[in-house]
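Each chain, letter by letter, is given below.
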Amino acid sequence: MLPVRKVAVLGAGVMGAQIAAHFANAGVRVVLFELASKEGDPNASARKAIEGLRGIDPQPLASPALAAHIEAANYDQDLGKLHECDLIVEAVAERIGIKNALYARITPHLNEATVFATNTSGLSIQALAQALPEAVRPRFCGVHFFNPPRYMYLVELIPARESDPAMLDRLEAFLVSAMGKGVVRAKDTPNFIANRIGVFSILAAFHHTQTFDLGFDVVDALTGPLIGRPRSATYRTADLVGLDTLAHVVNTMTQGLPEDPWHRHFVLPVWYRALLEAAALGQKSGRGIYRKAGRNIEVLDRTSMDYRASAAEADAGVAAILKTRDPVERFDRLRASTHPHARFLWACLRDMLHYCAVHLGEIADNARDVDLAMRWGFGWSQGPFELWQAIGWQRVTGWIDQDIRAGRTMSDVALPAWVHEPARTGVHQPDGSYSAARAIAVPRPALPVYRRQPCPDRLVGEHSGHGTTVLETAAVRMWSTGDDIAVLGFRTKMNTISEEVIHGVRQALEEAERGFKGLILWQPQPPFSAGANVSGQSARASDSPRSSGFARIMKQVRRQAESAVLKAARRLNVADALMAGRLARVEEIVEQFQAMTQAWKYSSVPAVSAVEGLALGGGCEIILHSSRTVAALESYVGLVEPGIGLLPAGGGCKELALRAAQEARGGDVFPYLRRYFQNVATAEVGKSAVQARDLGYLGACDRIVMNRAEVLHVAKSELNALVEAGYRAPLPPAGIPVAGRSAIATIKAYMANMLEGQYISEHDYLVGSQVACVMCGGDVEGGTLVDEAWLLALERRGFMELLATEKTQARIEHTLRTGKPLRN
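Quick look at the structure, then. Note that the structure is a prediction, hence the values are computed from the model and not measured.

Basis of the calculations
Residues numbered from 1 in each chain as written. Predicted model: local features only at pLDDT ≥ 70, side-chain atom pairs only at ≥ 80, totals over all residues. Heavy atoms only, no water. Helix = DSSP H or I, 4+ residues; strand = E, 2+ residues; numbered from the N terminus. Rg over C-alpha atoms; globule rule 2.2 N^0.38 Å. Buried < 20%, exposed > 50% of the residue type's maximum accessible area, 1.4 Å probe, protein only. Areas by Shrake-Rupley, 256 points an atom, 1.4 Å probe, with all protein chains shown as cover. Salt bridge = Lys/Arg side-chain N within 4 Å of Asp/Glu carboxyl O. Core = buried A, V, L, I, M, F, W, Y, C linked by side-chain atoms within 4.5 Å. Pairing = 2+ DSSP bridges. Right-handed = clockwise from strand over helix to strand, strands pointing away. Contact = heavy atoms within 4.5 Å. Axes fitted to C-alpha atoms, helices over the stretch in contact; angles between N-to-C directions. Parallel < 35°, antiparallel > 145°, perpendicular 65-115°, else oblique. Nonpolar A, V, L, I, M, F, W, Y, C, P; charged D, E, K, R; others polar. Left-handed = near helix turned anticlockwise from the far one by under 90°.

**Things to note about the overall build of the protein chain**
Logical step 1: A count of helical and extended segments in the protein chain gives 30 helices and 24 strands.
Logical step 2: The C-alpha radius of gyration computed for the protein chain amounts to 28 Å, which stays within 12% of the reference 28 Å derived for 824 residues, consistent with globular compactness.
Logical step 3: Out of the 824 residues in the protein chain, the part that is buried amounts to 60%.
Logical step 4: On the protein chain, roughly 32,300 Å² of surface is accessible, and the fraction owed to carbon and sulfur atoms is 51%.

**So, the pattern of salt bridges**
Logical step 1: Per the stated rule, a full pass over the model turns up 47 salt bridges.
Logical step 2: Here Arg291 and Glu298 are joined by a salt bridge, their closest N and O atoms 2.8 Å apart.
Logical step 3: On the basis of relative accessibility, which here comes to 18%, the residue Glu298 falls in the buried class.
Logical step 4: Several salt bridges converge on common partners, so that one network encompasses Arg335, Arg350, Asp351, Asp403 and Arg408.

**Here we look at the nonpolar core**
Logical step 1: Among the nonpolar cores identified, the biggest contains 114 residues, and Ile289, Phe385 and Trp388 are the most heavily contacted of them.
Logical step 2: Residues Leu488, Ala607, Leu673 and Val767 belong to the second largest nonpolar core, which totals 81 residues.

**Focus on the pairing of strand S5 (residues 115–118)**
Logical step 1: Every second residue of S5 is oriented toward a common face, with Val115 and Ala117 on one face and Phe116 and Thr118 on the other, all of them buried.
Logical step 2: Of the strand pairs in this sheet, strand S4 (residues 87–90) and S5 are connected by four bridges, and their pairing is parallel. Residue pairing for S5: Val89 is matched across the bridge by Ala117.
Logical step 3: Handedness of the crossover joining S4 and S5 through helix H3 (residues 96–106): right-handed.
Logical step 4: For S5 and strand S6 (residues 140–145), the ladder comprises three bridges, and the chain directions are parallel. Of the residues in S6, the one forming a bridge with Phe116 is Phe140.

**So, the pairing of strand S13 (residues 432–435)**
Logical step 1: Across two bridges, the pairing between strand S12 (residues 428–429) and S13 is antiparallel. Looking at S13, one finds that His428 is bridged to Ser433.
Logical step 2: What sits between S12 and S13 in their antiparallel hairpin is a turn of two residues.
Logical step 3: Summarising the sheet, S13 and strand S14 (residues 440–442) pair through three bridges and their orientation is antiparallel. Bridge assignment links Tyr434 to a residue of S14, and that residue is Ala441.

**Observations concerning helix H15 (residues 384–391)**
Logical step 1: Along H15, eight of the eight residues are buried, which leaves the element largely enclosed by surrounding structure.
Logical step 2: Every buried residue belonging to H15 is among Pro384, Phe385, Glu386, Leu387, Trp388, Gln389, Ala390 and Ile391, and all of these are buried.
Logical step 3: On its buried face, H15 sits against helix H12 (327–336), helix H13 (340–363), helix H14 (367–378), helix H16 (393–405) and S12.

**Details of the packing of H13 against H16**
Logical step 1: Taken N-terminus to C-terminus, the directions of H13 and H16 make an angle of 100°; their axes are 11 Å apart at the nearest point. It follows that H13 is roughly perpendicular to H16 by the angle criterion. Two secondary-structure elements touch here, H13 through Trp346, Arg350, Leu353 and His354 and H16 through Val396, Trp399, Ile400, Asp403 and Ile404.
Logical step 2: Partitioning the contact of H13 with H16 into residue classes produces six nonpolar, one polar and two charged.

**Some points on the packing of helix H24 (residues 670–681) against helix H28 (residues 762–775)**
Logical step 1: Remark: H24 packs on H28, axes separated minimally by 10 Å, with the N-to-C direction vectors making an angle of 140°. Classified by the angle between their axes, H24 and H28 sit oblique to one another. For the element pair H24 and H28, the recorded crossing hand is right-handed. On H28, the residues that touch Leu673, Tyr676, Phe677 and Val680 of H24 are Gly768, Val771, Ala772 and Met775.
Logical step 2: Split into classes, the residues belonging to the contact of H24 with H28 amount to seven nonpolar, one polar and no charged.

These figures come from the coordinates and say nothing about function on their own.
Put into structure tokens, the structure is as follows:
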């Protein structure tokens, strides 16, 4: 791995500043360069960019405190600092003249080992390399981060002709493990892989929107989740990216690909150019293809060039076709449909597949790199080639050939010969993926860093199983790979904790104690767990919730608190029990859940949580009871039950009260308990694993891993370390000193002031009072020693008392009905 202790980022624009932020997330010191300010502090521009990181949504920094690790600098006075840097990433304007001029200024200051990379999104790496001294060229390459850099998994690594292969391998290992990225090596062609295919897909949609005379909002209804794409779909994506930015990428294709058979389509429509001239650039300018009018969203009508209400939906029949689970049947029906919506979709997909097949050998070493680039960079649920393979290779090939002959495709160029090979059933198989340039199946990369990924993202046609099954029920599966470590996963939707899951975990613990070194709770697909489902209604997992699309990031991060409350209500789903008069049954299941988390904590073998994504409510409570937790940076952890008028009752309040007592070290517990109470009462969710540690949901010994694909590997390493150190189950605390009634009174007085100021409602006050009662140990003197059973009983009592109130019931019913939290 490339040893990187310090990094310089050249250019403090939106992209450069966020790349610097992600290096800080990885624990790397960063120097952020910008032009010197003409007046006052010469580093003012760079400092402003660093300060501005706090206001960007979604948040580029895993914790605001990490901004302190980014140093502001300017090109006039600080170029000497480049000599200290192991890696330099250039992220200035996408103009080759500007970049070349900058390279001439900085190269005299590089040390002999510095790796120099450009973040260009599509300019020629070889052309940029020509501006460098010959001694620097072996250490130069393209490293293309996707926006926003913290959240988008893809990084494209693009060599120039003289790039040192060993340097590329070490840099790839650093990007994968230290920066947490999925690296795809692209060939040095305009826009590389993801932007080349993604932008062509957008241009194809533009073309067929005109052909089928569809509204922009109709196209977005068709080209989002219904076909496995992000919610931003086509035209909203253009607005989010910026119409000017997209125009620049299209221009790179226009100028750089004059011989492309689709070149005549590399132009922007008249309506698009009119928006550019009017400076209507999308979300950043307040209007573009869409605009917000009060609380309503309006969309541009391309005929009148005026805005109208956006309310279009996909045709119900076409939507039903797209929801067909079997891909063969789904596309048979789609292609057979005469509805314009279906014809539009087939035309877009057909032309995209046609383009990918023709250009595979030019842009990528193999089909796997294309498919992973589109998954990781554009948030597609399937890449183009795996979609083709899933539908049926020869079937789709015949359909495309037929449309080429009929003149329906955007280009009349024939499919390449390799596509038509009679024995071909696809491009992905267990031993590798097809390379059009080399006419062989290329296995996955063999770099040592990938040994840290026991379960990487798999494609259609590759092996997708996980180990040998040890225990399997409808709700859980426990497996092992022969290393004496058992791995447990849930099989419920959003990996919620149903009664069946509770029983499955208890069974898995018994199996682990009988024959394994330990047990890891790890989900093949995120989230870790969206919380409890005490209704007893098991929902099988369906489509993978993992997506790196920008819309999903916005949902998970920007609106985290509201989303968390909603998910908690849906998973808890006590409304059915209330209507059926089954409160006693609910209490019984809550007690079973408490027993499960206690068994997890006191297992005779280590019980480790391996976390990625949401870990809410009951999921967070499992973490709090774990021998060790290993969390991906993008883990969102919190106890969210108060948002729907309840309190955590799976041992979460108990564990936080215990932590406060341990931190007090025999002193006054209340100062340590206060922050835990505030986090629970406000349903605070950590928007990264770093924030989860700051909030106290992760402990000092828990590990944070940058790459989600390495979480299971590190969890196994941590479990082995515990075993090697002679792991023994923790002894129950002899007595837990609690804050008692005086602390409850203090908290209530504080909340009374908030109630008086109308910051909280009367029911918020009641919920907070119940949380305070549990976490302070109830109506006892401060310093009284209680045991865990006492605190668990308080949890159950408080939970059931709140559940019996009309306002909590109203919150639950309203949230389930409307999808929004109720403040009553």
